[in-house]
Amino acid sequence: MAASISKTLTRNLLRRSVETTQVLQLRFSSVAASAVPETQPSEKGGPSRWSKLLLFVPGVITFGLGTWQIIRRQDKIEMLEYRQNRLRMDPLNCNEVSPSSENVASLEFCRVLCRGVYDEKKSIFIGPRSRSISGVTENGYYVITPLMPLANDPKSVQAPILVNRGWVPRNWRDNSLEVAAADDQPSSIVPPSQESGKSSWWMFGPKKKKVEEDQVPTVKPTEVIGVVRGSEKPSIFVPANDPSSFQWFYVDVSAIARACGLPENTLYIEGINDNVDPSNPYPIPKDTNTLVQSSVMPQDHLNYTFTWYSLSAAVTFMAYKRLQSKKSRR
């Protein structure tokens, strides 16, 4: 979506640049004509020479923009190679990674191995985010869930971390909001012992003890391999997050941590899994190829370079033809 918006903006910018160039050339020539007396010969220099040079300014600017796209393309290539090299490294132990901002910046795109249990009730849904499945586009969300430590487990995380578990359909968020709304409502069901004021005989004895033992949930630890990431930098078109109404449009790690009741410097990782279980596909984590991609890839910068250089050649030729037409009139 971000790439399509960027391409649309570039096409609009190029169209407006051509229109602006033509207007500027007309204004520059009219200003120069009014500023120079008719009896003054153009060979002696003066303002007429400057007016000629000003006609070539749009061509110089567009040429500079094309050269800047070449530099941006080289920077993007180096950035992608840096990410790919990081993802090839062996995963680190999550407890060895400090959540300070300096370490997160230096360890971004490093793989880490974490072990804990998900706190599903504190899940945050980022989106909407579209996903193409067999040529059909479906809207959904990225779900971020705190991974909590496990007691008496030395391999467990020592502090909670935020895990982007991947993409889920829209109904996941709807069901989560319904469960949260039901939990907020006070229960109107009164236990039988309180309703009658008497205790029932079947609540005592070995059967009660057996029921209580059967109701104790078994906590199954979850192992996650993820990539250290930071907050997203939203564009001007992305709305601001509204935690009070559970509206999250981009990843703001500190704000999400506060909403989950965690410290602002909580570590944030994106889960990766190249082999998704078909029987339980959701959430769908990002694969390594998706992680290294950028909204504007090197090929896009190359296309922008060709466009700007073509525009530079066009406006320069227009300026040259305009000067030639003036000479022919004389």
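Note that the structure is a prediction, hence the values are computed from the model and not measured.

## Considering the overall build of the chain
Okay, so step 1: A count of helices and strands for the chain gives 10 helices and seven strands.
Okay, so step 2: Burial statistics for the chain: of 330 residues in total, 30% are counted as buried.
Okay, so step 3: At a minimum sequence separation of 6, the contacts of the chain that also span at least 24 residues come to 69%.
Okay, so step 4: Within the structure as shown, the chain displays about 21,400 Å² of accessible surface, and the carbon and sulfur contribution to it stands at 56%.

## Some thoughts on the environment of Ile284
Okay, so step 1: Among the structural elements, Ile284 can be located in the loop between strand E7 (268-271) and helix H9 (288-292).
Okay, so step 2: A C-alpha to C-alpha distance of 8.1 Å links Ile284 and Asn273, two positions 11 residues apart in sequence.

## Concerning the UniProt feature "transmembrane region" (unreviewed entry) in the chain
Okay, so step 1: Residues annotated in UniProt with the feature "transmembrane region" (unreviewed entry) correspond here to residues 53-71.
Okay, so step 2: Along residues 53-71 the backbone is 89% helical and 0% strand, and the end-to-end C-alpha distance reaches 27 Å.

## So, the pairing of strand E3 (residues 124-133)
Okay, so step 1: Here E3 runs beside strand E4 (residues 136-148); their pairing, made up of eight bridges, is antiparallel. Looking across to E4, one finds that Ser132 is bridged to Thr137.
Okay, so step 2: Taking the residues that link successive antiparallel strands as the turn, the E3-E4 hairpin has two residues, and the phi of Ser134 there is positive, at about 55°.

## Notes on the packing of aromatic side chains
Okay, so step 1: Taken as a whole and assessed by the stated rule, the structure comprises three aromatic pairs.
Okay, so step 2: Taking the centre distance of 6.5 Å and the plane angle of 85° together, the rings of Phe125 and Tyr141 count as edge-to-face. Pair noted here: Phe125 is in strand E3 and Tyr141 is in strand E4, with a separation of 16 residues, a long-range link.
Okay, so step 3: Among the residues examined, Phe125 registers a relative accessible area of 8% and is labelled buried.
Okay, so step 4: Considering the side-chain rings of Trp167 and Tyr282, the 6.1 Å spacing of their centres and the 55° angle between planes classify their relative orientation as tilted. Here Trp167 is found in strand E5 (residues 161-169), whereas its partner Tyr282 is found in the loop between E7 and H9, with 115 residues between them in sequence.
Okay, so step 5: Here the basic side chain of Lys286 rests over the ring of Tyr142, its NZ or CZ set 5.0 Å away from the ring centre.

## Considering unusual backbone geometry
Okay, so step 1: Across the junction of Gly127 and Pro128, the peptide omega takes the value 10°, indicating a cis bond.
Okay, so step 2: Here Pro128 shows up in strand E3.
Okay, so step 3: You will see that Phe109, though not glycine, has its phi angle at about 75°, which is positive.
Okay, so step 4: Secondary-structure assignment places Phe109 in the loop between helix H4 (101-107) and strand E2 (111-118).
Okay, so step 5: Unlike most non-glycine residues, Asn152 shows phi in positive territory, near 60°.
Okay, so step 6: Topologically, Asn152 is positioned in the loop between E4 and E5.
Okay, so step 7: Classification of Asn152 as exposed rests on a relative accessible area of 82%.

## A few points about the side chain of Arg86
Okay, so step 1: By the secondary structure assignment, Arg86 is in helix H3 (residues 57-88).
Okay, so step 2: The side chain of Arg86 sits in the buried core without any salt bridge; Glu108 is the nearest counter-charge, 8.0 Å away.
Okay, so step 3: A polar side-chain atom of Arg86 sits 2.8 Å from a polar atom in the side chain of Tyr82.

## Things to note about the environment of Asp119
Okay, so step 1: Tracing the backbone through its elements, the reader meets Asp119 in the loop between E2 and E3.
Okay, so step 2: With residues near it in sequence (within four places) discarded, Asp119 still touches Thr145, Pro146 and Met148.

## As for H3
Okay, so step 1: Under the 1.5 Å per step criterion, the end-to-end length of H3 is 47 Å for 32 residues, consistent within 8% with the ideal 46 Å.
Okay, so step 2: For H3, the full list of buried residues reads Pro58, Gly59, Thr62, Gly66, Gln69, Lys76, Leu80, Arg83, Arg86 and Leu87.

The rules behind the values
Residues numbered from 1 in each chain as written. Predicted model: local features only at pLDDT ≥ 70, side-chain atom pairs only at ≥ 80, totals over all residues. Heavy atoms only, no water. Helix = DSSP H or I, 4+ residues; strand = E, 2+ residues; numbered from the N terminus. Buried < 20%, exposed > 50% of the residue type's maximum accessible area, 1.4 Å probe, protein only. Contact = heavy atoms within 4.5 Å. Areas by Shrake-Rupley, 256 points an atom, 1.4 Å probe, with all protein chains shown as cover. UniProt positions renumbered as here; feature names shortened; annotations may be inferred. Pairing = 2+ DSSP bridges. Phe/Tyr/Trp six-rings, centres within 6.5 Å; stacked < 30°, edge-to-face > 60°. Lys NZ or Arg CZ within 6 Å of the ring centre and 35° of its normal. Lys, Arg positive; Asp, Glu negative; His and termini not counted. Salt bridge = Lys/Arg side-chain N within 4 Å of Asp/Glu carboxyl O. Polar contact = N/O pair within 3.5 Å; in protein donor to acceptor, adjacent residues only side chain to side chain. Expected span 1.5 Å × (residues − 1).

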